[in-house]
Amino acid sequence: MTRTLRASLLLCLLGCSPGIQGFRAEPNVICSGAPTTLSWIASDDGMLSSTPPDATLGPVPATGTRAVMPAAATTYRLTVKRGWKTVSRDLGVEVVAAPAEAKTIGASVADPSTTCAGNTLAVTVTAPASAWDARIQVATVGLAPGVDRTYHVEHAGRSADVSPGAPSAAFAGLPVQGSWRLSTPLAPTEACGRNVPRSLIIEVASTCSR
Amino acid sequence: MTPAELRTRIDTFVFLMLENRSFDHLLGHLRLPGFGGRADVEGLTALDNPDYANPRANARIAYPFIASDDAPFPGDLPHDRQEVASQMAYAGAAGGYVMNGFVQSYELYSATTGLPDPPPMRVMTPPLIPVTSFLADQYVVCDHWHAPLPTSTHPNRLMAVSGTSMIDRTPGGLLPEQDLVFDWLDRHDVRWRVYSAGFSFFMLMPKMWPWLLTDRFRSASRLAYDVQHESSETFPHVIFVEPDYHDSPVHLSGHGNDNHPPLPMSFGEVFVKAVYQALTSNPARWAKTLFALSYDEHGGFFDHVPPLRVPMEAPAGATFAAGPFTSTGPRVPALLMSPYAPRRTVAHGLYDHTSLLQMLADRFDNSGAPYSAHVEERRQADDPIGSVTEALSPDARADIPRIPDAPLVGTAPLVSVRAPATDSQRSFATAATAFAGARGQDALQKYPQIAQFLAAGSAVEDDA
């Protein structure tokens, strides 16, 4: 067999590296100690681990799900090995532990939901129900650090204006999950198509319902 | 410096292009309070600047964060053409790119969610990159140097050595024939040489195979000796130094040193230091040398500066699957080191890899003609690409800074032979196989890595 053919065979034989087609947690923003489900699809059996460590994790089949209940923010790692090659994927689960813990959410103005008309820039921020534990509720809504403008915020049938240093309690008790419509008037130096903010972001002080 | 000044001051040009890091990832810290706070650098002003906010798929915002170590990445970051487009995030409402799609692009690519510290937002600091940091402090930082094309490695490397690219994506095989900088240098009677620390990228170009077996291609381990001892009658004017590419299938040292993720930075830091020490080991030769260090493209890492408006149609005979380019890629780190590169200086000019080619034209073509029509098109764009000549001072400095010894902390598993898994890796493996098939024992003697690669093929065949 020629050298070229042998090397081609090598490419063929070893080209089938292990793979991880998906590794997800739903929901991935939860209340402390609440359950979330890890799911994965990989080419081979693997190893599940976490930081901080969870002694109940270990070897797992190539495809599967696993319920976990982290008390604090945790990074999970799936590692799959075949022959010489190892691949791994990380995912994070965020935990609302302290009362009124701030979570910054937002959307890029490149999002298809963005509108810019007249003097107003607006975008829809979607906190997916698949990602957010339904028991995480709003305490207050404020502006993210460095944001020095006024927002008009709409969520779950309520609305309020939010200014720097003046968080609003208008959304208190509502679940964070769902759609948030954020809009802001443009400054004199801004215009649609020129010099507008790159994203609209708010800080949602969150708490967990009992 | 003007082209006329360049002709009398620089005799040796040394180019080293590493892999896959953005400007903000490596040098954005220069502007941060606590890391120098250099307001002269277009770096990161504050980690929680709203302009840097990158939404995750779950709407949570990720900001740049200070890396705690130089640990290897779990894998590569996305940086093909379509992925770069989503990272740069064109927004009609903004009339341009808003540079905040890096995290969602990574989540999609890695099929994962909710990472607390998404790899694209990692910001390196001096303790983790002591060599790069030292050189950035001692010489010229170019803070508006972009990858020429918003796509992956091979098209951008072709831009660097040709001024244009016949491809818009990295193929899984050999590269198309193009007029290369070596052809240009030969036409202008300029001596050139390539020093490689591993497989040469030029092995991917069959037209370069005859050269690969000549003295024009040498091991990087020969560089210091040649700098110190070779006669000026034969010493090259233009030197391309190549790292040991991570995407090569064989690493005699057990790892690449081109800084391509998942590699940590430490191996590349050692290599850059070795090249710099080699070049400065002969002060007389260093006195007329320019060493340009850059990166081929951003590799999927966040950068906050939008790309330059530099369009590029597919050249004659080529077809770009996704149509013409309308801009450059994101910024990449670039340093200029020379007696004519003043300490702690920033070049704010608009540059990309073709800026090096135009500098060669400034130096070696006395007619004043541009390097090529393709490069000239870029110089006439809405955001005109400059020549590196402009970034140099006409006044020489007398000192030669010495890189201090510093611990390098990043490590990675040693893997000598690796199965190709990406298009770029398949490209290298295919090139090594085809080159050995065409050139036989001569190729194996000069490049023992290929023999090792082929031997691994035999072993696998036997096992099978």
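Residues numbered from 1 in each chain as written. Chains lettered and ligands numbered in written order. Predicted model: local features only at pLDDT ≥ 70, side-chain atom pairs only at ≥ 80, totals over all residues.

## Concerning the overall build of chain B
Secondary structure assignment for chain B yields 15 helices and 16 strands. By the compact-globule yardstick of 23 Å for 464 residues, chain B fits well, its C-alpha radius of gyration being 21 Å. Here the C-alpha coordinates of chain B stretch approximately 65 × 60 × 50 Å along the principal axes. Expressed as a percentage of its 464 residues, the buried residues of chain B come to 58%. Partitioning the intrachain contacts of chain B with sequence separation of at least 6 by distance along the chain shows that 74% fall at a separation of at least 24. (Helix = DSSP H or I, 4+ residues; strand = E, 2+ residues; numbered from the N terminus. Rg over C-alpha atoms; globule rule 2.2 N^0.38 Å. Buried ≥ 20, exposed ≤ 12 C-beta atoms within 10 Å, placed from the backbone. Contact = placed C-beta atoms within 7 Å.)

## Describing the nonpolar core
Within soluble globular proteins, side chains that are nonpolar tend to cluster in buried spots. Judged by nonpolar contacts, the single largest core of 185 residues is most densely connected at I202(A), V241(B), L335(B), L336(B) and A432(B). Two domains each provide a minimum of three residues to this core, namely domain 1 (17-96) and domain 2 (101-208) of chain A. In contact with A432(B), not counting residues within four places along its chain, are F199(B), M203(B), P249(B), I450(B) and F453(B). (Core = buried A, V, L, I, M, F, W, Y, C linked by C-beta atoms within 7 Å. Domains from an automatic or database assignment.)

## What about the sheet that holds strand β6 (residues 63-68) of chain A?
Residues and elements named next belong to chain A. Taken together, 3 strands build an open sheet; the order of strands is β1-β3-β6 and the sheet is antiparallel. A single partner strand is all that each edge strand has here, and the edge strands are β1 (20-26) and β6. If you compare each strand with its neighbour and ignore which way they point, the axes differ by 10° on average. Inspection of the sheet shows β1 paired to strand β3 (residues 36-42) by 6 bridges, in the antiparallel sense. Bridge pairing in β3 links R24 to S39. (Pairing = 2+ DSSP bridges. Axes fitted to C-alpha atoms, helices over the stretch in contact; angles between N-to-C directions.)

## A short note on the domain arrangement of chain A
What the domain assignment lists for chain A is domain 1 (17-96) and domain 2 (101-208). Every contact between the two is made by 8 residues of domain 1 of chain A and, on the other side, 10 residues of domain 2 of chain A.

## Concerning helix α5 (residues 130-138) of chain B
Because the α-helix completes a turn every 3.6 residues, residues three or four places apart line up on one side. Residue and element names in this part refer to chain B. A large share of α5 lies buried, amounting to 8 of its 9 residues. Looking at α5, one finds that the buried residues are P130, V131, T132, S133, F134, L135, A136 and Q138. For α5, the elements touching its buried residues are α2 (23-27), β8 (140-142), α10 (266-280) and β14 (334-337).

## As for the packing of α5(B) against α10(B)
Residues and elements named next belong to chain B. Contact geometry for α5 and α10: axes closest at 8 Å, N-to-C directions at 45°. Relative to α10, α5 is oriented oblique. In contact with P130, V131, T132 and L135 of α5, α10 contributes E269, V272, K273 and Y276. The residue makeup of the contact of α5 with α10, split by class, is 5 nonpolar, 1 polar and 2 charged. (Parallel < 35°, antiparallel > 145°, perpendicular 65-115°, else oblique. Nonpolar A, V, L, I, M, F, W, Y, C, P; charged D, E, K, R; others polar.)

## A look at the interface of chain B and chain A
Contact residues are listed per partner, giving 46 residues for chain B and 61 residues for chain A. If you list the elements that add at least two residues to the side of chain B that touches chain A, you get β5 (90-91), α14 (423-446) and α15 (448-463) of chain B. Here the side of chain B that touches chain A is built from residues that sort into 26 nonpolar, 14 polar and 6 charged.

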